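Listed here are the chains, written in short residue letters.
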Amino acid sequence: MRKWKDWSARAIVGCILFLGAAGVFWNAKTVFNENVYVWKEEQERKLPIYCVDTKNKVLALTFDVAWGNEDMEEILKILKKEKVEGTFFFSGEWMEKYPEDVKKVSDAGHDIGNHGDHHKYMTKLSKEDQITEIRGAGDKAKALLGSSMELFRPPYGDYDSQVVETAEEMGYYVIQWSVDSLDWMEPGADAVIEKVCGHKNLKSGAIILLHTGTLCTREALGPMIRKLKEQGYGFVPVSDLIYRKNYRIRPDGTQVRN
């Protein structure tokens, strides 16, 4: 009889431990890409903005800019032709190499965002070094354009609560994405168009991730924009999409009004 009680007690303890572990696992929720995890609100993890809850059928095209500049002129011509204003996140090193291109992007009416000074993994840095990275790119943009940036995208989408908190303390809104074109993998223009236009997260308020310095982005951009227009979407820069007060961010990264 005692052996039965001992076995029962061990079984009960085992079930409790299993359920506890399962609870931790199920509190984690994958959002938008396989490598990014967010936690439920009660765990108080600070999140960037992945997309925005809006009744307007609009999207935000964003470009991470840290590679070459060979396609920048063509990308700007396509956006002008399609009457689309986008958001460009520049690394500080890129701005040093191609200052005239930064001015062209700004003069064309596009958002200028901060992508870190040296395109580093932000979670591997101390808070002081995070500040240095963000400030370095911000200072370069201000020297070129005479204005401060308000949008920050961590290089590689690499963030944790500390990264978000640091950027917010410096006056930035931290921006991720909900639709990844995967253009950096060079799958070809058709694959990029299909990926974006058929993406499961494509909806009003979505933020689309693209890159400059690739072979396929410039080829995909025009047809992709036109196909999205055919689906009824308009385009706004991130600065016109996000809310600046009276908002919260849901566990899936959606910014919503309170």
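Scroll up to find the structure this text is about.
Residues numbered from 1 in each chain as written. Predicted model: local features only at pLDDT ≥ 70, side-chain atom pairs only at ≥ 80, totals over all residues. Heavy atoms only, no water.

**Student:** Please clarify how the environment of Arg135 should be interpreted in this entry.
**Tutor:** For Arg135, the location among the structural elements is in helix α5 (residues 127–145). Residues Arg135 and Asp117, spaced 18 residues apart in sequence, show a C-alpha to C-alpha distance of 7.6 Å. (Helix = DSSP H or I, 4+ residues; strand = E, 2+ residues; numbered from the N terminus.)

**Student:** Any chance you could explain the pattern of salt bridges here in plain terms?
**Tutor:** Note that side chains of opposite charge can pair when their charged atoms are close. Taken as a whole and judged by the stated rule, the model has 12 salt bridges. Measuring nitrogen to oxygen at the nearest pair gives 3.1 Å for the salt bridge that ties Glu168 to Lys46. In this pair, Glu168 sits in helix α6 (residues 161–169) while Lys46 sits in the loop between β2 (37–39) and β3 (51–52), placing the two residues 122 residues apart along the sequence. In this structure Glu168 comes out as partly exposed when scored by relative accessible area, which is 32%. (Salt bridge = Lys/Arg side-chain N within 4 Å of Asp/Glu carboxyl O. Buried < 20%, exposed > 50% of the residue type's maximum accessible area, 1.4 Å probe, protein only.)

**Student:** What's the story with the side chain of Thr217 in this structure? I'm lost.
**Tutor:** Relative to the helices and strands, Thr217 resides in helix α8 (residues 217–230). In this structure the side chain of Thr217 is engaged in a polar contact, spanning 2.8 Å, whose partner is the side chain of Asp183. (Polar contact = N/O pair within 3.5 Å; in protein donor to acceptor, adjacent residues only side chain to side chain.)

**Student:** Sorry, what's going on with the sheet that holds strand β13 (residues 254–257) here?
**Tutor:** Strand pairing within a sheet occurs via backbone hydrogen bonds; the two strands may be parallel or antiparallel. Ordered by their spatial adjacency, three strands build an open sheet running β3-β13-β12, and the pairing between neighbours is mixed. The strands lining the two open edges of the sheet, one partner per strand, are β3 and β12 (247–249). Examined bridge by bridge, β12 and β13 share three bridges and lie antiparallel to one another. Paired with Tyr247 across the two strands is Arg257, which belongs to β13. (Pairing = 2+ DSSP bridges.)

**Student:** So what exactly am I meant to see when it comes to the pairing of strand β6 (residues 111–114) here?
**Tutor:** The alternating pattern of β6 places Asp111 and Gly113 on one face and Ile112 and Asn114 on the opposite face, and all of these are buried. Where strand β5 (residues 87–90) lies against β6, four bridges are found, and the strand directions are parallel. Along β6, the bridge assignment pairs Phe88 with Ile112.

**Student:** Would you take a moment to explain the pairing of β5 for this structure?
**Tutor:** Within a regular strand, the side chains alternate between the two sheet faces. Taking every second residue as pointing to the same face, both faces of β5 are buried, with Thr87 and Phe89 on one and Phe88 and Phe90 on the other. Direction of pairing for strand β4 (residues 58–65) relative to β5: parallel, over a ladder of four bridges. Across the sheet, residue Phe63 finds its bridge partner in β5, namely Phe88. The parallel pair β4 and β5 is bridged by helix α2 (residues 72–81), and the resulting crossover is right-handed. (Right-handed = clockwise from strand over helix to strand, strands pointing away.)

**Student:** So what exactly am I meant to see when it comes to unusual backbone geometry here?
**Tutor:** Trans is the prevailing form of peptide bonds, just as negative phi is the prevailing case for residues other than glycine. Here Lys83, not a glycine, exhibits a phi torsion of approximately 55 degrees, which is positive. Mapped onto the fold, Lys83 is located in the loop between α2 and β5. Judged by its relative accessible area of 75%, Lys83 falls in the exposed class. Phi at Glu186 is positive, roughly 55 degrees, even though this residue is not glycine. Within the secondary structure, Glu186 is located in the loop between β9 (179–180) and α7 (189–197). With relative accessibility at 34%, the residue Glu186 sits in the partly exposed group.

**Student:** Would you mind going over a nonpolar patch on the surface with me for this structure?
**Tutor:** Together, Trp67, Trp184 and Met185 make up an exposed nonpolar region whose accessible area comes to about 350 Å². With respect to the helices, strands and loops of the structure, Met185 is situated in the loop between β9 and α7. The exposed category is assigned to Met185, whose relative accessible area is 52%. (Patch = residues over 30% accessible without salt bridge, like charges linked within 9 Å, V, L, I, M, F, W, Y side chains within 5 Å. Areas by Shrake-Rupley, 256 points an atom, 1.4 Å probe, with all protein chains shown as cover.)

**Student:** Is there a simple way to explain the packing of aromatic side chains in this structure?
**Tutor:** Describing an aromatic ring pair means giving the distance of the ring centres and the angle of the ring planes. Summed over the entire model, instances satisfying the criterion amount to seven aromatic pairs. Here the aromatic rings of Phe90 and Trp94 are separated by 5.3 Å at their centres, their planes lie at 35 degrees, and the arrangement is tilted. Each member of the pair, Phe90 as well as Trp94, is classed as buried. By relative accessible area, which is 1% here, Trp94 ends up buried. (Phe/Tyr/Trp six-rings, centres within 6.5 Å; stacked < 30°, edge-to-face > 60°.)

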